[in-house]
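Results of the structural survey
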Amino acid sequence: MKSNSVLITLLAATLLLLTHQKPQLKFNALGKFKILQLTDIHLGEREDLDIRTLEVIRTVIEKEKPEMVFISGDAVSGYAWDKNTTGWFDYQFRKLERVLAEFKMPWAFTAGNHDAEGDYDRQQISNLIRSFENSVTLPNAGKLSHEFNYVLPVYSNDGKNIEFRLWSIDTGASYGCMGSHGYDCVRDDQIQWFRQANQNISSDDPTKGKAILFTHIPMHEYMNLYNYNDIFGLKGEEVCCPAVNTGLFSAIVEDKTVEWVTCGHDHNNDYHGTWEGIHLAYGRKTGYASYGPQSFLRGSRIFEITLNPYKIDTWIRQEDGTVDKKDGYTQKVLKATSQQYCCGLTVINNDESQSMKIAANLLLIIGALVISLS
Ligand SMILES: *[C@@H]1O[C@H](CO)[C@@H](O)[C@H](O)[C@H]1NC(C)=O
Ligand SMILES: *[C@@H]1O[C@H](CO)[C@@H](O)[C@H](O)[C@H]1NC(C)=O
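Computed from a predicted model, the values in this text were never measured in an experiment.

1. Some thoughts on the overall build of the chain
- A tally of helices and strands in the chain yields eight helices and eleven strands.
- In the chain, which comprises 374 residues, the share counted as buried stands at 41%.
- Taking contacts inside the chain between residues at least 6 apart in sequence as the whole, the part at least 24 apart equals 74%.

2. Observations concerning the sheet that holds strand 9 (residues 278-282)
- Ordered in space as 4-5-6-7-9-8, the six strands form an open sheet in which the pairing is mixed. Here the strands that pair on one side only, and so sit at the sheet edges, are strand 4 (150-155) and strand 8 (272-275). In this sheet, adjacent strand axes meet at a mean angle of 20° when their direction is disregarded.
- In the packing of helix 6 (residues 221-228) onto the sheet, contacts are made with strand 8 and strand 9, and the angle to strand 8 comes to roughly 95°.

3. Thoughts on the sheet that holds strand 3 (residues 107-110)
- The strand order 3-2-1-10-11 describes an open sheet built from five strands, whose pairing is mixed. Two strands in the sheet have a free side with no partner beyond their single neighbour: strand 3 and strand 11 (311-318). Sheet twist, expressed as the mean angle between neighbouring strand axes with direction ignored, is 20°.
- Pairing of strand 1 (residues 32-38) with strand 2 (residues 68-72) involves four bridges; the strand directions are parallel. Bridge pairing in strand 2 links Leu 38 to Ile 71.

4. As for the pairing of strand 6 (residues 211-214)
- Of the two faces of strand 6, the one lined by Ala 211 and Leu 213 and the one lined by Ile 212 and Phe 214 are each fully buried.
- Here strand 5 (residues 162-168) runs beside strand 6; their pairing, made up of four bridges, is parallel. Note on strand 6: the bridge partner recorded for Leu 166 is Ile 212.
- In this region the chain leaves strand 5, passes through helix 5 (residues 188-199) and returns to the parallel neighbour strand 6; the handedness of that crossover is right-handed.
- When strand 6 meets strand 7 (residues 260-263), the two strands line up parallel, connected through three bridges. Paired with Ile 212 across the bridge in strand 7 is Trp 260.

5. A look at the environment of Ala 173
- Turning to its location among the elements, Ala 173 is positioned in the loop between strand 5 and helix 5.
- Exposure remark for Ala 173: the 21 C-beta atoms within 10 Å place this residue in the buried category.
- In the structure, Ala 173 is positioned 27 residues away from His 146 in sequence and 8.4 Å away in space, judged by C-alpha atoms.
- Those residues in contact with Ala 173 that lie beyond four places of it in its chain are Asn 113, Ala 116 and Asp 184.

6. A word on the confidence of the model for the chain
- The share of residues in the chain with pLDDT of 70 or more is 83%, and the mean pLDDT across the chain is 90.
- Contacts from residues 347-358, a stretch scored under 50 in pLDDT, to residues over four places away or in other chains number seven contacts.

7. Digging into helix 2 (residues 47-64)
- Compared with the 26 Å implied by 1.5 Å per residue over 18 residues, the 26 Å span of helix 2 between its first and last C-alpha is a close match.
- Three or more residues of helix 2 are buried, namely Asp 50, Thr 53, Val 56, Ile 57, Val 60 and Ile 61. The buried residues of helix 2 occupy one face: seen down the axis, they fall within an arc of 120°. For helix 2, the exposed residues lying more than 90 degrees away from the buried face are Glu 47, Asp 48, Ile 51 and Glu 62.
- The elements touched by buried residues of helix 2 are strand 1, helix 3 (88-102), strand 10 (299-306) and strand 11.

Each value, and the rule that gives it
Residues numbered from 1 in each chain as written. Chains lettered and ligands numbered in written order. Predicted model: local features only at pLDDT ≥ 70, side-chain atom pairs only at ≥ 80, totals over all residues. Helix = DSSP H or I, 4+ residues; strand = E, 2+ residues; numbered from the N terminus. Buried ≥ 20, exposed ≤ 12 C-beta atoms within 10 Å, placed from the backbone. Contact = placed C-beta atoms within 7 Å. Pairing = 2+ DSSP bridges. Axes fitted to C-alpha atoms, helices over the stretch in contact; angles between N-to-C directions. Right-handed = clockwise from strand over helix to strand, strands pointing away. pLDDT = per-residue confidence, 0-100. Expected span 1.5 Å × (residues − 1). Arc of directions from axis to C-beta.

Set out below in structure tokens:
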């Protein structure tokens, strides 16, 4: 009797597991796979702003009809928590989840620096997010620093072969990079995992290196790209990269790993360009709360991968339903100064960083004057 009920329970659990199987990511019948990147959604500050934000999300998804959505962090403004309400993150995130569920398509998530500043830590956020039917977000790929470190295979239309990969590396919190001032950073164990997992893909595998990496905080190399190469799109603020460059970019270039990296974090930046053969991009800020964007509409960055002939296209779909034309042009405005250090480093309120900032701004103004006078 007893063993029978155990068996029934086991069967029921298996059935439950089977019915809760995650959707498979796969190319459509035309050999295309379109990802819509939502970033810096910033729910939880004001209900009226959240309603407008959710409308932005509906508009861009309806227009693009992507194969999946990738949320690159700061879905929720954790700092807006009243430090008392229980179930707060859960409540805020479900607003977004309900909209995504309307479209019945898979979605994945990587955390920003603000998501875990409310009542949920990264582990609790991961547990919640992985519980949703269409969430293909994976658990941490090991006992790795931070939480959202994983790789998602994207299959051929018949579901048999891996054709492409989507990586997530968790860039951590607002501070705490091994005791340094400034934004948190990717740790060595995460980078070693990334290296290892890529080395595990055989070098004669034609899909090796065909991948996009989703992160939240931009790498230092986003400054190099701005300083030395053409950028497409807009740079309306400094690159707020982590306190220390822990070498993720080196790991990206030393093996065939990914072709594109995309991030969020800096609401007034949406540019992309190529540095050392790797395409670096910002998403487009999606949410109405928090600061920015200053000089463009809210929206989303789209990546469309085509298998034959193989290529990756990207563009910005905006909240008014249009595609941003500026994204296709080289924007080299106001490059009178270059950016030499990450903006997060100026968070320390010392005189040196303040005067450096003032000097940099003065140079920018003088440069602009010289350009406009000549
Ligand atoms: C905390 O939340 C409880 C229950 O939601 C509420 O009764 C109480 O007034 C709140 N306390 C503060 C200090 O806001
Ligand atoms: C690499 O492959 C080995 C052997 O199959 C496996 O044990 C290891 O977990 C893999 N490493 C990663 C990071 O995927």
